[in-house]
Amino acid sequence: MKINPEVLQALKENRPVVALESTIISHGMPYPKNVETALKVEETIRSHGAVPATIGIIDGEPIVGMTPEEIEEFGKRKGVLKVSRRDLPVVYAKKLWGATTVATTMIIANQAGIEVFVTGGIGGVHRGATETMDISADLQELAKTNVTVVCAGAKAILDLPLTLEYLETMGVPVLGFKTEELPAFYNSHSGLKVDYKVESAYEMAKIIKAKRENGLVGGILLTNPIPEQYEMPKDVIDKAIDTALKEMDKQGIKGKECTPFLLKTITDLTGGDSLESNIKLVLNNAAVGSEVAKEYCKIK
Ligand code: PSU
Ligand code: MN
């Protein structure tokens, strides 16, 4: 694995590092907004006193801390694979380019020694999963890999109650940053409760420490609501999601194509508004994740 010298130095000196994924760049947002956003997220992390480490796979080699040029290339290059746990050995062996999902970013971050990872939303149990069995590998990864994931909840394109049930079964703590309600990505209200409310970055750091010190293997999910002024109105986003899901069925889209298809279709249906919300919530997560990483470095 190739760890960027700045990231390596920070890790050696116990300074805060925040991992970032690359599927959100290659498959989650259109060019050039994807690259602009990825760079802005890194800037936000730096402005909070942490070091960003965007993770991706280039010619079969995991990169921890991509350069701006590499991020640009990920943003526009055709044929970058969306890589989850099952894809990793093939992408490594065949020396391919791979964008890391939440699952694979967790794996590589953990191997590099990074505790905190910031993203937009995790994958989860898809609607209709009782028939299709479409459950994101992100959930299994949260069950077994020691990384704290900061996100704005699971996207409302998923079955949120089933996603929570699955995480409970897998023993993953689902926490709310200053909220008791599970955020629903584009909107902060799901009507569902998180397991515990976390009052501050310091309190979050203590929870991470308690989990690690006691050998409780697995991830922690910190959900952070999108700021109110950037939320999508519930009726607008729900309607777009419904239409996108129907379109997905009609076109027979399945498996790993589902999430990218839904994100793109919802962006089109909302005239780009959902993309703007998506960008704002990632930036907000970057700020919170950096603070958590900072507090954790102080007490670990
Ligand atoms: N959330 C976003 N944008 C994304 C994703 C999540 O806001 O692009 C990506 C993440 O990389 C996540 C993946 O791990 O979608 C989930 O895909 P699937 O449902 O196929 O497991
Ligand atoms: Mn899936």
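Above this text you will find the structure in question.
Read on for a plain summary of the structure. It should be emphasised that the depicted structure is a prediction, and the values quoted were computed from it without experimental measurement. (Residues numbered from 1 in each chain as written. Chains lettered and ligands numbered in written order. Predicted model: local features only at pLDDT ≥ 70, side-chain atom pairs only at ≥ 80, totals over all residues. Heavy atoms only, no water.)

Focus on the pattern of salt bridges
Keep this limit in mind: Here, a salt bridge means any side-chain nitrogen of Lys or Arg that lies within 4 Å of a carboxyl oxygen of Asp or Glu. Numbered from the N terminus, helices here are DSSP runs of H or I no shorter than four residues, and strands are runs of E no shorter than two. Buried residues are those whose accessible area, probed at 1.4 Å on protein chains only, stays under 20% of the maximum for their type, while exposed residues exceed 50% and partly exposed ones sit between those limits.
Following the criterion strictly, the structure yields 16 salt bridges and no others. Glutamate 6 is paired through a salt bridge with arginine 46; the nearest N and O atoms lie 2.7 Å apart. Remark: arginine 46 occurs in helix α3 (residues 33–47) and glutamate 6 occurs in helix α1 (residues 5–12); sequence separation between them is 40 residues. With a relative accessible area of 34%, glutamate 6 lands in the partly exposed category.

Regarding the site of ligand 1
How we decide: The cutoff for a nearby residue is simple: one of its non-hydrogen atoms must lie within 4 Å of the molecule or strand. Under the rule applied, a polar contact is a pair of N or O atoms within 3.5 Å (in protein, one hydrogen donor and one hydrogen acceptor; residues adjacent in sequence only if both atoms are side-chain atoms). Accessible areas in this description were obtained via Shrake-Rupley with a 1.4 Å probe; residue shielding takes into account the shown protein chains only. Here a cavity denotes grid points, spaced 1 Å and computed from the protein atoms alone, that fit a 1.4 Å probe unable to get out, and a pocket denotes an open set having protein on both sides within 12 Å along at least 5 of 7 lines; residues with an atom within 4 Å of a point are the lining. Assignment of a molecule to a cavity or pocket requires that more than half of its atoms lie within 2 Å of the corresponding grid points.
Not every one of the 16 residues close to ligand 1 is listed here, only the nearest: Glu21, Lys82, Ser136, Asp138 and Lys155. Lysine 82 places a side-chain nitrogen or oxygen 2.7 Å from an oxygen atom of ligand 1. Between histidine 126 and ligand 1, the recorded distance is 3.5 Å, taken from a side-chain N or O atom to an oxygen atom. Notes on ligand 1: free accessible area 480 Å², of which the protein chains cover 94%. The pocket occupied by ligand 1, as judged from atoms lying within 2 Å of grid points, is the largest pocket.

Things to note about the layout of surface pockets
Applicable threshold: Grid points are joined across faces, edges and corners, and a volume is the space filled by probe spheres set on the points. Gly counts as polar in this scheme, as do all residues outside two lists: the nonpolar Ala, Val, Leu, Ile, Met, Phe, Trp, Tyr, Cys and Pro, and the charged Asp, Glu, Lys and Arg.
Estimated volume of the largest pocket: approximately 570 Å³. What lines the largest pocket is a set of 34 residues, and nearest its centre among them are Lys82, Thr101, Ser136, Asp138 and Thr259. Those elements that provide at least two residues to the lining of the largest pocket are α2 (23–28), α8 (137–144) and α12 (258–269). The calculated volume of the second largest pocket comes to roughly 440 Å³. Around the second largest pocket, the lining comprises 23 residues; the ones closest to its centre are Ser26, His27, Gly28, Met29 and Pro30. Mapped by element, the contributors of at least two residues to the lining of the second largest pocket are α2, α4 (68–76), α12 and α13 (273–299). Here the residues of the lining of the second largest pocket are counted per class, giving 10 nonpolar, 9 polar and 4 charged.

Structural notes on the environment of threonine 67
One can find threonine 67 in the loop between β4 (61–64) and α4. Of the residues examined, threonine 67 reaches a relative accessible area of 29% and is grouped as partly exposed. Along the chain, threonine 67 and leucine 39 lie 28 residues apart, while their C-alpha atoms are 9.8 Å from each other.

Notes on empty space enclosed by the protein
It is a probe the size of a water molecule, rolled over the atoms, that shows where empty space is left. Applying the stated criterion across every chain yields a total of 2 cavities of 30 Å³ or more. In this structure, the largest cavity encloses a volume near 120 Å³. Taken together, 13 residues make up the lining of the largest cavity; nearest its centre are Glu21, Ile24, Ala38, Val41 and Val282. When residues of the lining of the largest cavity are traced back to their parent elements, those giving at least two are α2 and α3. Among the elements that take part in the lining of the largest cavity, α3 stands out by supplying 4 residues, more than any other. Here the lining of the largest cavity is built from residues that sort into 8 nonpolar, 4 polar and 1 charged. Within this model, the second largest cavity holds a volume of roughly 50 Å³. What lines the second largest cavity is Ile122, Gly153, Ala154, Leu160, Thr163, Leu164, Leu167, Leu182, Leu221 and Thr223. Elements represented by at least two residues in the lining of the second largest cavity include exactly α9 (160–169) and β11 (220–223).

Overview of the nonpolar core
Condition: We call a set of buried Ala, Val, Leu, Ile, Met, Phe, Trp, Tyr and Cys residues a nonpolar core when their side-chain atoms join them within 4.5 Å. We call two residues in contact whenever any of their non-hydrogen atoms come within 4.5 Å of each other.
By size, the foremost hydrophobic cluster in this structure holds 99 residues, and its most contacted members are Ile122, Leu142, Leu221 and Leu222. The greatest single-element share of this core, amounting to 10 residues, is contributed by α13. The residues contacting leucine 221, other than those within four sequence positions of it, are Ile122, Leu142, Val149, Cys151, Leu167, Val172, Pro173, Val174 and Leu175.

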